[in-house]
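Descriptive analysis of the structure
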Amino acid sequence: MANQFERTELIIGKDGIKKLQNSKVVVFGIGGVGSFVVEALVRAGVGNLILVDKDEVDLTNINRQIIATHDTIGKPKVEIAKQRALSINPSAKIKTYQEFFMPDSEDVFDNTANYVVDCVDTVTAKIEIIARAKKLNIPVISSMGTGNKFDPTKFEITDISKTSVCPLAKVMRKELKQRDIKNVKVLYSKEEPIKYEGKVTGSISFVPSVAGLIIAGEVIKDIIGA
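Residues numbered from 1 in each chain as written. Predicted model: local features only at pLDDT ≥ 70, side-chain atom pairs only at ≥ 80, totals over all residues. Heavy atoms only, no water.

1. Brief notes about empty space enclosed by the protein
- For the structure shown, the criterion picks out one cavity of 30 Å³ or more.
- As for the largest cavity, its lining consists of Ser35, Val38, Glu39, Ile67, Ala81, Arg84 and Ala85.
- Mapped onto the lining of the largest cavity, the elements with two or more residues apiece are α2 (34-44) and α3 (77-88).
- Residues belonging to the lining of the largest cavity are distributed by class as follows: four nonpolar, one polar and two charged. (1 Å grid on protein atoms, 1.4 Å probe; cavity = no way out; pocket = protein on both sides within 12 Å on 5 of 7 lines; lining within 4 Å. Points joined across faces, edges and corners; volume = space filled by probe spheres on them. Helix = DSSP H or I, 4+ residues; strand = E, 2+ residues; numbered from the N terminus. Nonpolar A, V, L, I, M, F, W, Y, C, P; charged D, E, K, R; others polar.)

This is the structure:
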């Protein structure tokens, strides 16, 4: 009898499938990048997910977030993501926190997590997520800016100290250095941001989605030891 992961098993083997099914990944930020991280993780067979995001789906999210449709507008992103994930893998165990994670927030993950993924926009929150993961010795990957970008082939995974071009990465390098936090894996784009008048950040369907899929791939490779 076929099972939904048999094609994946051909790539990563039975042991890889088992490792993913027994793993727990925390995803902060279920937006353009984070929603695709969750999508790829659950389709690959990650068995336990913790999803953290305060926002509800907005009309302007539809252009780039896989959970955003006209039917989900006004609904909490974490709940929509949970429902979608369970429709993909009913055996998954998914915990949600509809909150804006900040330094004064209570812990939403512990040392049982195998990986932490940071896809939030706020520098203060990003630093706190990384710091707490480091304290618990949990692998963490942080997404830098994907807004105002058009070329999805310019993404690269590296250490924060080796980043360039990205304005968010520049701020993060400085803040992490001040706190003596080292060896932080990030995804960033080497593409110069598109400039235009106005304060709203531009986005397009195929850029944050690619970033999320690349991050998910990195998480899966690390978990199975590929």
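2. Digging into unusual backbone geometry
- Positioned with a positive phi, valine 165 is a non-glycine residue whose angle comes to about 70°.
- Positionally, valine 165 belongs in the loop between β6 (155-159) and α5 (167-178).
- The residue asparagine 183 is not glycine, and still its phi comes out positive at about 55°.
- Tracing the chain through its elements places asparagine 183 in the loop between α5 and β7 (185-189).
- Judged by its relative accessible area of 62%, asparagine 183 is exposed. (Buried < 20%, exposed > 50% of the residue type's maximum accessible area, 1.4 Å probe, protein only.)

3. A closer look at the pattern of salt bridges
- Within this structure, the stated rule accounts for 13 salt bridges.
- Across the pair lysine 14 and glutamate 9 runs a salt bridge, and its minimum N-O distance is 3.0 Å.
- On the basis of relative accessibility, which here comes to 25%, the residue glutamate 9 falls in the partly exposed class.
- Measuring nitrogen to oxygen at the nearest pair gives 3.8 Å for the salt bridge that ties aspartate 180 to lysine 182.
- Overall, the relative accessible area of 56% leaves aspartate 180 in the exposed class.
- Through salt bridges that share partners, Lys185, Glu218, Lys221 and Asp222 make up one connected network. (Salt bridge = Lys/Arg side-chain N within 4 Å of Asp/Glu carboxyl O.)

4. Here's the deal with the nonpolar core
- Among the nonpolar cores identified, the biggest contains 38 residues, and Val25, Val27, Leu41, Leu49, Leu51, Val117 and Val219 are the most heavily contacted of them.
- Contributing elements (two or more residues each) for this core: β1 (24-28), α2, β2 (48-52), α3, β4 (115-118) and α6 (208-224).
- The greatest single-element share of this core, amounting to seven residues, is contributed by α6.
- Apart from residues lying up to four places away in sequence, leucine 41 is in contact with Val25, Val27, Val46, Leu49, Ala216, Val219 and Ile220.
- Within the second largest apolar cluster, 28 residues are counted, among which are Ile50, Val108, Ile127 and Ile181. (Core = buried A, V, L, I, M, F, W, Y, C linked by side-chain atoms within 4.5 Å. Contact = heavy atoms within 4.5 Å.)

5. Quick word on the sheet that holds β7
- Pairing within the open sheet is mixed, and its seven strands lie in the order β3-β2-β1-β4-β5-β7-β6. In this open sheet, the two edge strands, each paired with only one partner strand, are β3 (93-97) and β6. The sheet shows a mean angle of 20° between the axes of neighbouring strands, taken without regard to direction.
- Across five bridges, β2 lies against β3 in parallel orientation. By the bridge assignment, leucine 51 is partnered in β3 with threonine 96. (Pairing = 2+ DSSP bridges. Axes fitted to C-alpha atoms, helices over the stretch in contact; angles between N-to-C directions.)

Read these as geometric descriptors, not functional statements.
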